[in-house]
Amino acid sequence: MPIPARHERYTFADVLTWDEGEHIEIINGEAFMMATPSSRHQEISMELARQLANFLEGKQCRVYPAPFGVRLFEREGDRPEDVNTMVEPDISVVCDRSKIDKHGCKGAPDMIIEILSPSTRRHDRLVKLNLYQQAGVREYWIVDPDNQSVLVFTLGGHVLEIREDYGREDVAKVNVLEGCFIELSKVFPE
């Protein structure tokens, strides 16, 4: 849900002045308040992050659970006032450590996972899918707790294409991490 506008356009410079407890994304200069996730959402997020972190132990790539700011379109030399899009995906996997700074990630992570909630379903399926595609995110997972499913998109050329639709009993392949598989029965235990 958009927050009331103080001025026409927000940038990352504004984000740096906001309270750290506020979870606000900016997309093309428009600010969106983020609802506090449910306990089920957090359990799913923790299990996905745990499995990814276990696989990545001792490897180059790192997993970052929310809150973790991702400035999708920031380039070298950009100032905070030049950056008008910053999102907080539920989980980000970053393999290029030069993209990591004290504020989060500058540029596109290799993989992003969003967990649907009633207030974010449309936003995650349309707005964020489009943003991640434009930014060049190589793999995007949309996790649906209600249907106990995971929809996997991978970047083909410049388009995020549906690669797989997994259910609760499946073992999901992480395409950007060679040899990584996620046991969905542990993500959706009930």
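The coordinates are above.
Keep in mind it's a predicted model, so treat the numbers as computed, not measured.

### Points about the nonpolar core
Counting residues in each nonpolar core, the largest one holds 27 residues, and the members touching the most others are L48, L52, V93, W141, V174, L177 and I182. Those elements that place two or more of their residues in this core are helix 2 (39-56), strand 5 (91-94), strand 8 (111-115), strand 9 (139-144), strand 10 (149-156) and helix 4 (184-187). One finds F68, L72, Y132 and F153 within the second-largest nonpolar core, a separate group that totals 21 residues.

### What about the layout of surface pockets?
Its volume calculated, the largest pocket comes out at about 840 Å³. Around the largest pocket, the lining comprises 37 residues; the ones closest to its centre are M34, A35, S117, S119 and T120. If you list the elements that add at least two residues to the lining of the largest pocket, you get strand 1 (24-27), strand 2 (30-33), helix 2, strand 8 and helix 3 (121-135). Broken down by element, the residue count for the lining of the largest pocket peaks at 6 residues, all from helix 3. Each residue belonging to the lining of the largest pocket can be placed in one class, and the counts come to 17 nonpolar, 10 polar and 10 charged. Roughly 420 Å³ of volume is contained in the second largest pocket.

### A closer look at the pairing of strand 2
Here strand 1 pairs with strand 2 via 4 bridges, running antiparallel. Its bridge partner lying in strand 2, I24 is registered against M33. Here strand 1 folds back onto strand 2, and the loop between the two strands holds 2 residues, one of which, N28, carries a positive phi near 50 degrees.

About the criteria used
Residues numbered from 1 in each chain as written. Predicted model: local features only at pLDDT ≥ 70, side-chain atom pairs only at ≥ 80, totals over all residues. Heavy atoms only, no water. Core = buried A, V, L, I, M, F, W, Y, C linked by side-chain atoms within 4.5 Å. Buried < 20%, exposed > 50% of the residue type's maximum accessible area, 1.4 Å probe, protein only. Helix = DSSP H or I, 4+ residues; strand = E, 2+ residues; numbered from the N terminus. 1 Å grid on protein atoms, 1.4 Å probe; cavity = no way out; pocket = protein on both sides within 12 Å on 5 of 7 lines; lining within 4 Å. Points joined across faces, edges and corners; volume = space filled by probe spheres on them. Nonpolar A, V, L, I, M, F, W, Y, C, P; charged D, E, K, R; others polar. Pairing = 2+ DSSP bridges.

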